[in-house]
Amino acid sequence: MPRRLISIDDLSKEEINSILQRAKEYRAGKRESLSGSVALIFLEPSTRTRLSFERACKELGFSFHSVSRPESSIAKGESFLDTLITLKELGFCMAVFRLNFVLFPYKWLENIDIGLINAGDATHQHPTQALTDLLCIMDEFERLEGLNVLFVGDILHSRVFRSDAKLFSLFGANIGICGPFELLPEDLSPFGDIIVFKNIDEAINWADITIWLRLQKERHKHPISDSSYFLQFGLTKERHRALKGKFMHPGPVITGVDMEESLVYSEKSLIKAQVRNGLYIRMATLKWVLDG
Ligand code: CP
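As the structure is a computational prediction, the values presented were derived from the model and not from experiment. (Residues numbered from 1 in each chain as written. Predicted model: local features only at pLDDT ≥ 70, side-chain atom pairs only at ≥ 80, totals over all residues. Heavy atoms only, no water.)

## Structural notes on the sheet that holds strand E4 (residues 94–99)
Part 1: Pairing in this open sheet of five strands is parallel, and the strands run E1-E5-E4-E2-E3 from one edge to the other. Two strands lie at the open edges of the sheet, namely strand E1 (4–5) and strand E3 (63–68), each paired on one side alone.
Part 2: Pairing of strand E2 (residues 37–42) with E4, which is carried by five bridges, proceeds in the parallel orientation. Opposite Val38, over in E4, you have Met94 as the bridge partner.
Part 3: Where helix H2 (residues 48–60) meets the sheet, it contacts E2, E3, E4 and strand E5 (115–121), and its direction lies at approximately 160 degrees from that of E3. (Pairing = 2+ DSSP bridges. Helix = DSSP H or I, 4+ residues; strand = E, 2+ residues; numbered from the N terminus. Contact = heavy atoms within 4.5 Å. Axes fitted to C-alpha atoms, helices over the stretch in contact; angles between N-to-C directions.)

Printed below as a string of structure tokens:
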């Protein structure tokens, strides 16, 4: 039976370390010649996740077929379950999916005999982004234990925060958050002991590494002013100077809102490394799912 990766909770620490190790081997040039067909179902927009999965499939030897929401029969009312059964019957060995709805609970997926990878389901989980971010931090610090990791921005709607915070806590990091009050989750208990900072400058002073998150306007019920948000929570030149270490952003970055345009790829930025490592993590995740 192939494996499934829906949430970061689906992985043990041992499995995470093994995926990281394999990603590093691929980064160092190791190659595979695997066979099989992978279906990529993307119901929400994506550049880096979709294209890195497409490239990862090609690098590993898989054939792949991508379908976006308007091309998918889900747009005509088909259920996600029927879509997965159809993919299995068409001979696909794995399905990689980005969904515009939350896949929770997902125990019912256990009986579906096809490998599954969640490439981001609405505000719930984005496990391959979390593994990518972990690899970037490990490259930088060689550990997570005792590290202060700060998330800034739209925490409420962030599947990256929900995946990263659980993963980094598992590896012993301290997690802090800072953002507009209305964009903080009411219940933070699933993520362990989270420090909530009211003052961004105090938060930046605490952090060894800071992860800015995109303001997800498409999910907001009430509009937030771009300029006011940027002044209160964005990465400005002053805050950039105050950063003790590097900063990250899963992308896409909304320049002038999440951060000042000239800082996106500064010497303190790990954003390009996040994109590069995303390819190797997705190769390693596809292999992990296939191995079953
Ligand atoms: N980080 C991320 O998921 O980016 P895309 O939406 O471009 O895939």
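## Quick look at H2
Part 1: When the terminal C-alpha atoms of H2 are compared, their 18 Å separation across 13 residues agrees well with the 18 Å that a helix rising 1.5 Å per residue should span.
Part 2: Those residues of H2 that fall on the buried side of the exposure criterion are Thr49, Ser52, Phe53, Glu54, Ala56, Cys57 and Leu60.
Part 3: Phi turns positive, to about 105 degrees, at Gly61, one or two residues after H2. (Expected span 1.5 Å × (residues − 1). Buried < 20%, exposed > 50% of the residue type's maximum accessible area, 1.4 Å probe, protein only.)

## Some thoughts on the site of the ligand
Part 1: Surveying the vicinity of the ligand reveals the residues Pro45, Ser46, Thr47, Arg48, Thr49, Arg98, His126, Gln129, Pro250 and Gly251.
Part 2: Within the contact set of the ligand, an oxygen atom lies 2.6 Å away from a side-chain nitrogen or oxygen of Ser46.
Part 3: His126 places a side-chain nitrogen or oxygen 2.9 Å from an oxygen atom of the ligand.
Part 4: Partitioning the shell around the ligand into residue classes produces two nonpolar, six polar and two charged. (Near = heavy atom within 4 Å. Polar contact = N/O pair within 3.5 Å; in protein donor to acceptor, adjacent residues only side chain to side chain. Nonpolar A, V, L, I, M, F, W, Y, C, P; charged D, E, K, R; others polar.)

## Some details on the pattern of salt bridges
Part 1: Summed over the entire model, instances satisfying the criterion amount to 17 salt bridges.
Part 2: In this structure, Asp291 engages Arg22 in a salt bridge whose closest nitrogen and oxygen atoms are separated by 3.7 Å. One end of the pair, Asp291, is in helix H9 (residues 271–291); the other, Arg22, is in helix H1 (residues 13–27), and 269 residues separate them in sequence.
Part 3: Note on Arg22: relative accessible area 22%, which makes it partly exposed.
Part 4: The partner of Arg55 in a salt bridge is Glu59, with the nearest N and O atoms 2.8 Å apart. Taken together, the residues Arg55 and Glu59, both in helix H2 and four residues apart, mark about one turn of the helix.
Part 5: Salt bridges linked by common partners bring Arg4, Lys107 and Glu110 together as one network. (Salt bridge = Lys/Arg side-chain N within 4 Å of Asp/Glu carboxyl O.)

All quantities given are derived from atomic positions and should not be read as evidence of function.
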